[in-house]
Structures are given as C-alpha cells and as structure tokens.
Amino acid sequence: AGSHVTSTHTHTHTLSPGAAPTCSPCQRHGMSGDLRTTAASVVSWFLLNIAIGNLNGWILKHHGFSYPVVLTAVHMLCCWLLSAVCLVTILPPADPRPTPVGTVAKVRTLALAFCASVALGNIALRYIYVSFAQMVSAASPFFTMLLMGAMVGKRYSLAQYSAIVPMCGGVMMCTVGEINFHMLGFTAVVASTLLRGVKSILQGRLLTAPEERLDAMLLLYHMSRESLLPLGLYSSLVEYQAYYDPQLSGPGAPRLWGLVLLSGLVSFFLNLANFLVTKHTSAVMLQVLGNVKVVLSILVSLLIFGNRVSASSAVGCAVTLAGVAAYNFCK
C-alpha cells in the first residue's frame, strides 16, 4: 500500500551515531492507549475470574446445584442473548456485512474445542481428584507453546521454555493434594488442557486476522450460539437428573436461578475480557495469566477470608511469580 503525505512541510532529522529514534506524539499516544487497554483488559479478566469462581462455588456447593454442564450451557445462553442485544443496540459491528461463511466455520471449530474441553474436564473429575486435575492443568502454558509451534509455526527461545518450567511447577505446588492416578482420568484432563490451548490459539487468530472481520463482541455472539447445541445435548446425556430435581422448581428455586443468571451475566463480561486479553497479548500469555490467577486466588482467600495457606502453597506462589517475571523478561 502506498503512503500519503498530508503535511505541507517536510522536516528532516539527523541522528547522531548511537542516538535512539524518537516517536511522534501520535505514536506515543497510540502506544500508551494500547497499553491502557491491555492493562484494563487484564485487570478486568482477573477480577471477573475471581468473581465467577466464588459465585459458581457458592452455587455448586452451598446450593447443591450439581450440574456444572447445565451451568455452562446457561452461561453460553446468557452470552448469546446479551451479545445479540449489544450488537443491535449500543455496539453494532464495525463491518455491517454478514460474517463470511468460512469465518463462521472456524468459529464453529472454536466452539467445538470449547465444548469438548468442558466435557473432558468433567469426565476427568469422575476418575481423579480435583487437586490432581488442577496440577495437570497448570502445564497449560507449556502445552500452548507447543501447540503454537505446531499450528502457526511460532518459535520460542530456550530461555522462554526454561521460564515456563518454574511457572507451571509453582502452580503445581500450590494445588498439590492427594493424587489418584487413573489412566482414563489423566488422559481426559490432558486432552481438556490441550483443547483449552487450541481454543486460545483459534480465538487469537480470529480476533487479529483482518480478513475475519471479527471483534470480541461478534466472536462471542457466534461462539456462544454454536456452543448451545453441543452443550445442551451433552448435559441431557450426563445431567438429565436436572429435569426431575425438585430443588430446581421448589420454594427456593427463584433465588437459586437468580444466582445462576447472575453467574451468566458475569460470564458474559468474563468472556469478553478473555477475548480482549487474547487479542492484546497472546494465546500463551492468556494461559500464563491463568496460572497467575491461581496465585491471586490464594492471596485473596488469605487476605479476605483468612484461609490457612500451606508452606508448599506459599513457596509455589513465589516460584510461579518468579517464573512469570522471567518469562516476561525473556520475551
């Protein structure tokens, strides 16, 4: 593409040997604006993750709502409806043309990766403890780096791979618990973790490729819509008891469903933040931040709820943060 000169004066700048080139005020403003957007997306992502983690924990444990796939399906329904409303009211798409058929097909692949990850994660928890599943999931940044190499040809330095080791190992120390190895459960949780990495890579490409013409809101609309049928079918197969559960239609049902819908609202904003973080950083960084989230959750539970933190968790937090710092230094 050709460049267009709009100024009527030409200025020449001579740099002395060793002098660094300077940025124009517009360039500096653009960079600072991008930095603020990235920081706001990351902070929002952290806060919303903590909010939905506590809210879902309250729903699943204190209210006995033992249907995590149904809860995920409700989340996707809320995301679809809310994104549709936003697209026709306050945030219309920048490009009014219909989304290309090829792009919708790619979003469908993204949605299937998401649904399969949810299904495999739930299958894994039938055979292994939550603590063991969390330890395996802590390796998601490493898996995503390998997937980036296989899927898009991205190469990382030895220093970056070395920094990932303490980052993942630290989270494993934070989540260490009783380990019950079961081959099917272990295979399922590894596959679920890999699919989360695939989802991050696919959504990153859809959000950054100009030919796809997708922003975060439009991607959420298409992905949540494409996720409804697979999640609905899977929940009907494995959580069909929900249809006959008196708790979901009894006297306390309105309050319970109110909390479920509130969780769906938080999910809507969290998924938007998830897409924005991926767009402004990378698929690997999203997984890195996922490990930092574990550390942050432990600190929140310590400071706000006064929960006891074991020595291994405290050391694991320090090791994880050191690995994150090393990874950022090596980038």
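The model shown is predicted, which means the values in this text are computed figures rather than measured ones.

Rules of the game
- Residues numbered from 1 in each chain as written.
- Predicted model: local features only at pLDDT ≥ 70, side-chain atom pairs only at ≥ 80, totals over all residues.
- Heavy atoms only, no water.
- Phe/Tyr/Trp six-rings, centres within 6.5 Å; stacked < 30°, edge-to-face > 60°.
- Helix = DSSP H or I, 4+ residues; strand = E, 2+ residues; numbered from the N terminus.
- Buried < 20%, exposed > 50% of the residue type's maximum accessible area, 1.4 Å probe, protein only.
- Lys NZ or Arg CZ within 6 Å of the ring centre and 35° of its normal.
- Core = buried A, V, L, I, M, F, W, Y, C linked by side-chain atoms within 4.5 Å.
- Contact = heavy atoms within 4.5 Å.
- pLDDT = per-residue confidence, 0-100.

Asks: Mind showing me how you'd approach the packing of aromatic side chains here?
Replies: Remark: the centre distance and the inter-plane angle together describe each pair of aromatic rings, the angle taken between the planes. Tallied over the full model, the rule gives ten aromatic pairs. Summarising the aromatic geometry, the rings of Phe-142 and Tyr-161 are spaced 6.3 Å apart at their centres and angled 75° between planes, so their arrangement reads as edge-to-face. With Phe-142 in helix H5 (residues 140–152) and Tyr-161 in helix H6 (residues 158–174), the pair connects residues that are 19 residues apart, well separated along the chain. Taking the relative accessible area as the measure of exposure, Tyr-161 reaches 24% and is therefore partly exposed. Grouped by ring-pair contacts, the aromatic residues Phe-142, Phe-143, Tyr-156 and Tyr-161 constitute a single cluster. The ring of Tyr-156 has Lys-154 lying over it, and the distance from NZ or CZ to the ring centre is 5.6 Å.

Asks: Is there a simple way to explain the nonpolar core in this structure?
Replies: Where a protein is soluble and globular, its nonpolar side chains tend to be buried together. Residues Trp-45, Phe-65, Leu-219, Leu-231, Val-288 and Tyr-327 are the most contacted members of the largest nonpolar core, which totals 71 residues. If we ignore the near neighbours within four places in the chain, the residues touching Leu-231 are Val-69, Thr-72, Ala-73, Met-76, Phe-114, Cys-115 and Val-118. Listed in part, the eight residues of the second largest apolar core include Ile-128, Val-136, Ala-188 and Val-189.

Asks: Which parts of the structure should I look at to understand the confidence of the model for the protein?
Replies: Reading fine detail from the predicted coordinates is not recommended where pLDDT is low. Residues with a pLDDT of 70 or more make up 89% of the protein, whose mean pLDDT is 86. Within the model, pLDDT remains below 50 along residues 1–21, and this stretch shows two contacts once partners closer than five positions in the same chain are excluded.

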